[in-house]
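# Remarks on the overall topology
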Amino acid sequence: MSIVVVGSVALDSIETPYGKVKNVLGGSATYFSVSASFFTGDVKLVAVIGEDFPDEYIKFLDSKGIDLEGLEKAKGKTFRWAGRYRENLSGAETLATELNVFENFSPKIPDSYKNAEYVFLANINPELQLDVLKQMKNAKLIVCDTMNLWIAERKEKLLETIKHVDILIINDAEARQLTGEQKVDMAARKILEYGPSRVVIKKGEHGAITLTNNTYFSSPAYPLKRVLDPTGAGDTFAGGFMGYLASTDDLSEQNIRKAIVYGTVMASFNVEDFSINRQLILTKEEIESRFAEIKKITEF
Ligand code: AMP
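Since this is a predicted model, take the numbers as computed values, not measurements. (Residues numbered from 1 in each chain as written. Predicted model: local features only at pLDDT ≥ 70, side-chain atom pairs only at ≥ 80, totals over all residues. Heavy atoms only, no water.)

## A short note on the pattern of salt bridges
Applicable threshold: One side-chain nitrogen of Lys or Arg within 4 Å of one carboxyl oxygen of Asp or Glu is enough to make a salt bridge.
Per the counting criterion, the structure on display carries 17 salt bridges. The closest approach of N and O atoms between Glu-272 and Arg-278, which form a salt bridge, is 2.8 Å. One salt-bridge network, in which partners are shared between bridges, spans Glu-272, Arg-278, Glu-286 and Arg-290.

In structure tokens, the structure reads:
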């Protein structure tokens, strides 16, 4: 099954206690697509880049089999984000957001994308998320992510988007900010009242939970020995989650639980290095091996 993703393709500048990088490949749609490409050869990207976007990054995305027909090149500069993480690596502090080519972007979904069954609205202005949604004709599963900026500045549009999606995937801090509930479980239940039939809440090193009105599942995070850069963990999680679901085309509770664990596994690799560097050398065998380890540590 194919997946259409709309989100940012970015040049990121990141600072963590373990290093600093400038203008590296990033963006919510990038992390998502690269992660999902480990599960399905049918990921279709919708985003915009500027004239300064390095060719080598395009070649890399292409080498992962990602369909780039919906990746528009516009006049101007690529979207840039600069962020910093403190000692405990929890929560990025945004130092700068330059929307650049995203300011005037109006996504045009190629005809070859319109019938995709799986749609991921990665973190981007909720107006663009809605735009894409309106153009999709055959969606079977619509999943959405967002961030603090849009909750603070575009809450109404965001709630309208959320009303139309099947699953909202967000982190614990965003769930609190969106709902005003301090307890994550209470926040999750409130989100279910906004429209989605399922919510997935990522809790960083404390794993992830998923709830519907009558199910509850919790996965631990993979116990890592070293984390260099958490950037993109959420999008990489979503890529593993949806990539696995699209490749199996099975939306049963049991399979969704497996997808959550694949998401967890993919995020664990992502944070081991900056940008998508870890994914450059990642193998299917390593993914399966961590999946099996999580199964083992949660058995009782
Ligand atoms: P994550 O760490 O999973 O929340 O996502 C990190 C990615 O989000 C970075 O690569 C950024 O380029 C991207 N990002 C940061 N701010 C925004 C924004 N306002 N809109 C879209 N993408 C963003």
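## Some words on the sheet that holds strand β13 (residues 216-219)
Here is the rule we go by: Think of it this way: DSSP has to see at least two bridges between two strands before they count as a pair. Every helix listed is a DSSP run of H or I at least four residues long, and every strand listed is a run of E at least two residues long, numbered separately from the N terminus. Axes here mean lines fitted to C-alpha atoms, for a helix over just the part in contact, with angles spanning 0 to 180 degrees between N-to-C directions.
Read across the sheet, 9 strands follow the order β5-β4-β1-β8-β9-β10-β11-β12-β13 without closing on themselves; strand pairing throughout is mixed. Lying at the two open borders of the sheet, with one neighbouring strand each, are β5 (67-73) and β13. If you compare each strand with its neighbour and ignore which way they point, the axes differ by 15° on average. The sheet contact formed by strand β11 (residues 198-202) and strand β12 (residues 208-211) spans 4 bridges and is antiparallel.

## Notes on the site of the ligand
As a reminder, the rule being used: A molecule or strand has a residue near it when one of that residue's heavy atoms lies within 4 Å. The method behind every accessible area is Shrake-Rupley, applied with a 1.4 Å probe, and residues are considered shielded solely by the protein chains displayed. In this count, Pro and Cys sit with the nonpolar residues alongside Ala, Val, Leu, Ile, Met, Phe, Trp and Tyr, while Asp, Glu, Lys and Arg are called charged and the others, Gly among them, polar.
Around the ligand, a shell composed of 18 residues is seen, among which Ser-8, Asp-12, Gly-27, Gly-232 and Asp-235 lie nearest. Here the ligand loses 89% of its free accessible area of 510 Å² to cover by the protein chains. Broken down by secondary-structure element, the contributors of at least two residues to the shell around the ligand are β2 (10-16), α4 (148-153) and α8 (233-248). With 3 residues, the top contributor of residues to the shell around the ligand is α8. Here the shell around the ligand is composed, by residue class, of 9 nonpolar, 7 polar and 2 charged.

## Let's talk about the sheet that holds strand β7 (residues 93-98)
Convention followed: By the convention used here, residues are in contact when the closest approach between their heavy atoms is within 4.5 Å.
Spatially, β3-β2-β6-β7 is the arrangement adopted by the 4 strands of the open sheet, whose pairing is mixed. Either end of the sheet is taken by a strand with one partner, and the two such strands are β3 (19-26) and β7. Mean inter-strand twist for the sheet, computed between neighbouring axes without regard to direction, equals 15°. Where strand β6 (residues 80-84) and β7 come together, 5 bridges link them in antiparallel fashion. Across the sheet, the residue bridging to Arg-84 is Glu-93, located in β7. Against the sheet, helix α1 (residues 28-36) makes contact with β2 and β3, and its axis sits at roughly 80° relative to β3, the strand it touches most.

## A look at the nonpolar core
The criterion, for reference: Here, nonpolar core refers to any group of buried Ala, Val, Leu, Ile, Met, Phe, Trp, Tyr and Cys residues whose side-chain atoms link them within 4.5 Å. Type-normalised accessible area, obtained with a 1.4 Å probe on protein chains alone, sets the label of each residue: buried when under 20%, exposed when over 50%, and partly exposed for intermediate values.
Core analysis: the biggest nonpolar cluster contains 58 residues, and Leu-45, Phe-241, Met-242 and Ile-287 have the highest contact counts within it. Counting residues in hydrophobic clusters, the runner-up holds 45 residues, among them Val-119, Leu-168, Ile-170 and Ile-191.

## Things to note about helix α6 (residues 172-179)
Formally: By construction, the arc corresponds to the directions joining the helix axis to the C-beta atoms. Any N or O atom pair separated by 3.5 Å or less is treated as a polar contact, with the protein-specific requirement of one donor-capable and one acceptor-capable atom, and with residues adjacent in sequence counted only for side-chain atom pairs.
Every buried residue belonging to α6 is among Glu-174, Ala-175, Leu-178 and Thr-179, and all of these are buried. Buried residues of α6 fall within an arc of 115° about the axis and therefore sit on the same side. Those residues of α6 that are buried are in contact with α4, α5 (155-163), β10 (167-171), α7 (184-193) and β11. Sitting at the head of α6, Asn-171 places a side-chain oxygen 3.1 Å from the backbone nitrogen of Ala-173. Trailing α6 by a residue or two, Gly-180 shows a phi angle of about 80°, which is positive.

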